[in-house]
Amino acid sequence: MNAISGKARAASRLAAVQALYQADMEKTALHLLLDEFHQHRLGAEIEEVEYLKADVAFFDDVVKGVDARRNEIDLLLSAKLAKGWSLARLDKTMLQILRAGSYELMARKDVPVATVITEYVDVAHAFFEEREAKFVNGVLDAVAKDVR
């Protein structure tokens, strides 16, 4: 993969987390959500902020994949949380990062484990401090051990 497609996938992952968050919070229908991101977010400029060009097919795969396999993903994630913790206790953005990363580990065998984990740790850094990024690293590493 070249550097440009790597950046496009990174942009896709960040956008997928944002789309999943929006779907979870606003209960937006999947087809409307995808259309909104295709038309207005991926590679667009909003309020003088230029969004990176994204790999639209990859973005769609992650968003649709998490949506289709949410129960399976949530069961897997629940098993990786510390005793006494539940998915409901997690920050909503954190939950979407973990769901997207888990989906990719489960379904995208074409992407190396280290790449998936590193990319979602990077996404976590966009929203959280180092402690939470390390949490993402630990949970996704545990998921990878189960699914790869």
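Below, the structure is looked at part by part. Please read these numbers as outputs of a predicted model, since none were measured by experiment. (Residues numbered from 1 in each chain as written. Predicted model: local features only at pLDDT ≥ 70, side-chain atom pairs only at ≥ 80, totals over all residues. Heavy atoms only, no water.)

Thoughts on the packing of helix α4 (residues 70-80) against helix α7 (residues 130-147)
Quick note on the threshold: Axis geometry follows a simple rule: fit a line to the C-alpha atoms, using only the stretch in contact for helices, then measure angles between N-to-C directions, giving values from 0 to 180 degrees. Secondary structure elements follow DSSP: runs of H or I of four or more residues count as helices, runs of E of two or more count as strands, with numbering from the N terminus. Note on convention: the crossing is left-handed when the near helix lies turned anticlockwise from the far helix by less than a right angle, right-handed when the turn is clockwise. Throughout, a residue-residue contact means that at least one pair of heavy atoms, one from each residue, lies within 4.5 Å. Residue type decides the class: Asp, Glu, Lys and Arg count as charged, Ala, Val, Leu, Ile, Met, Phe, Trp, Tyr, Cys and Pro as nonpolar, and the leftover types, Gly among them, as polar.
Running from amino to carboxyl end, α4 crosses α7 at an angle of 115 degrees, the nearest separation of the two axes being 10 Å. Considering the relative orientation of α4 and α7, their crossing is right-handed. Listed contacts from α7 to Leu76, Leu77 and Lys80 of α4 are Val139, Ala142, Val143, Asp146 and Val147. Residue composition of the contact of α4 with α7, by class: six nonpolar, no polar and two charged.

Quick look at the nonpolar core
When a protein is soluble and globular, its nonpolar side chains tend to lie buried together. In plain terms, the rule: Here the nonpolar core consists of buried residues drawn from Ala, Val, Leu, Ile, Met, Phe, Trp, Tyr and Cys, with membership extended through side-chain atoms lying within 4.5 Å. Burial classification: accessible surface area is computed with a 1.4 Å probe over protein chains only, and a residue below 20% of its type maximum counts as buried, one above 50% as exposed, and the rest as partly exposed.
Counting 45 residues, the largest nonpolar core has Phe59, Ile97, Leu98, Tyr120 and Val136 as its most contacted members. For this core, the secondary structure elements donating two or more residues are α1 (3-26), α2 (30-40), α3 (56-68), α4, α5 (92-107), α6 (113-127) and α7. In terms of residue count, α5 provides more of this core than any other element does, eight residues in total.

Regarding α7
Test applied: The span expected for a helix works out to 1.5 Å for each residue beyond the first. In this description, one arc is meant: the one made by directions from the helix axis to the C-beta atoms.
Between its first and last C-alpha atoms α7 spans 26 Å; for 18 residues at 1.5 Å apiece the expected length is 26 Å, and the two agree. Among the residues of α7, Ala133, Val136, Val139, Leu140, Val143 and Ala144 are the ones counted as buried. Looking straight down α7, one finds that the buried residues subtend no more than 145 degrees of arc, so they occupy a single side. Every exposed residue of α7 that faces more than 90 degrees away from the buried side is listed here: Arg131, Lys134 and Lys145.

Topic: the packing of aromatic side chains
We count it as follows: Paired rings are identified among Phe, Tyr and Trp, the last through its six-membered ring, by centres lying within 6.5 Å, and are further divided according to the angle between planes into stacked (under 30 degrees), edge-to-face (over 60) and tilted (the rest). Throughout this description, the term charge over a ring refers to an Arg CZ or Lys NZ atom that lies within 6 Å of the ring centre and within 35 degrees of the ring normal.
Enumeration over the complete set of coordinates arrives at two aromatic pairs. Summarising the aromatic geometry, the rings of Phe37 and Phe59 are spaced 5.5 Å apart at their centres and angled 25 degrees between planes, so their arrangement reads as stacked. Separated by 22 residues along the polypeptide, Phe37 in helix α2 and Phe59 in helix α3 bring together distant segments of the chain. Per residue, the accessibility class of Phe37 equals that of Phe59, and both read buried. Summarising the aromatic geometry, the rings of Phe127 and Phe128 are spaced 6.4 Å apart at their centres and angled 55 degrees between planes, so their arrangement reads as tilted. Assessed through its relative accessible area of 37%, Phe127 is described here as partly exposed. Sitting above the plane of the Trp85 ring, Arg89 keeps its charged end 3.7 Å from the centroid.

What about the pattern of salt bridges?
So the rule is basically this: Salt bridges are counted wherever a side-chain nitrogen of Lys or Arg sits within 4 Å of a carboxyl oxygen of Asp or Glu.
Within the structure shown, the criterion is met by ten salt bridges. A salt bridge links Asp24 to Lys27, with the shortest nitrogen-to-oxygen separation between them at 3.9 Å. Taking the relative accessible area as the measure of exposure, Lys27 reaches 62% and is therefore exposed. Within this structure, Arg13, Glu104 and Glu119 form a network of salt bridges that share partners.

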